[in-house]
Amino acid sequence: MMNADNYKYSEITEQIIEAFYKGYNALGYGFLEKVYENALFIELVAMGLFVEKQKLIKIYLISKEPQPAPSFRQGLPESRTQGCEK
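Now for a quick tour of the structure. For clarity, every value in this text was computed on a predicted model and none was experimentally measured. (Residues numbered from 1 in each chain as written. Predicted model: local features only at pLDDT ≥ 70, side-chain atom pairs only at ≥ 80, totals over all residues. Heavy atoms only, no water.)

Further remarks concern the packing of helix H1 (residues 10–27) against helix H2 (residues 33–46). Interaxial distance between H1 and H2 falls to 8 Å at its minimum, and their mutual angle equals 125 degrees. Of the possible angle classes, the one that applies to H1 and H2 is oblique. Considering the relative orientation of H1 and H2, their crossing is right-handed. Along its contact with H1, which presents Gln15, Ile16, Ala19, Phe20, Lys22, Gly23, Tyr24 and Leu27, the element H2 presents Val35, Tyr36, Ala39, Leu40, Glu43 and Leu44. Here the residues of the contact of H1 with H2 are counted per class, giving ten nonpolar, two polar and two charged. (Axes fitted to C-alpha atoms, helices over the stretch in contact; angles between N-to-C directions. Helix = DSSP H or I, 4+ residues; strand = E, 2+ residues; numbered from the N terminus. Parallel < 35°, antiparallel > 145°, perpendicular 65-115°, else oblique. Left-handed = near helix turned anticlockwise from the far one by under 90°. Contact = heavy atoms within 4.5 Å. Nonpolar A, V, L, I, M, F, W, Y, C, P; charged D, E, K, R; others polar.)

Laid out in structure tokens, this is it:
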């Protein structure tokens, strides 16, 4: 695996990458993004992580007055969504 001990979320990043490759290697190529999203979700849950799919967050675009633009954060595990709007 990668050697990134100095990064803030090194451990969970490695888990996410491992889960992605488990799902991708099992499925192969050629599927729609949603299929890989579901596979990643299944693998992360199997690792014992709490995951939320398609969580709505607000993105503020650069303009004179901030206008919230709806966006979705896909499959974020654990408490990495703290501070996001519900």
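Here the focus is the packing of aromatic side chains. Enumeration according to the criterion identifies four aromatic pairs in this entry. For the pair Phe20 and Tyr21, a centre-to-centre distance of 4.9 Å together with 75 degrees between the ring planes defines the contact as edge-to-face. Looking at Phe20, the relative accessible area reads 35%, which means it is partly exposed. A relative accessible area of 45% means that Tyr21 is categorised as partly exposed. Aromatic side chains Phe20 and Tyr24 sit 5.8 Å apart centroid to centroid with 20 degrees between the ring planes, which places their arrangement in the stacked category. Taken together, the residues span about one helical turn, with Phe20 and Tyr24 both in helix H1 at a distance of four residues. Here the basic side chain of Lys53 rests over the ring of Phe41, its NZ or CZ set 4.9 Å away from the ring centre. (Phe/Tyr/Trp six-rings, centres within 6.5 Å; stacked < 30°, edge-to-face > 60°. Buried < 20%, exposed > 50% of the residue type's maximum accessible area, 1.4 Å probe, protein only. Lys NZ or Arg CZ within 6 Å of the ring centre and 35° of its normal.)

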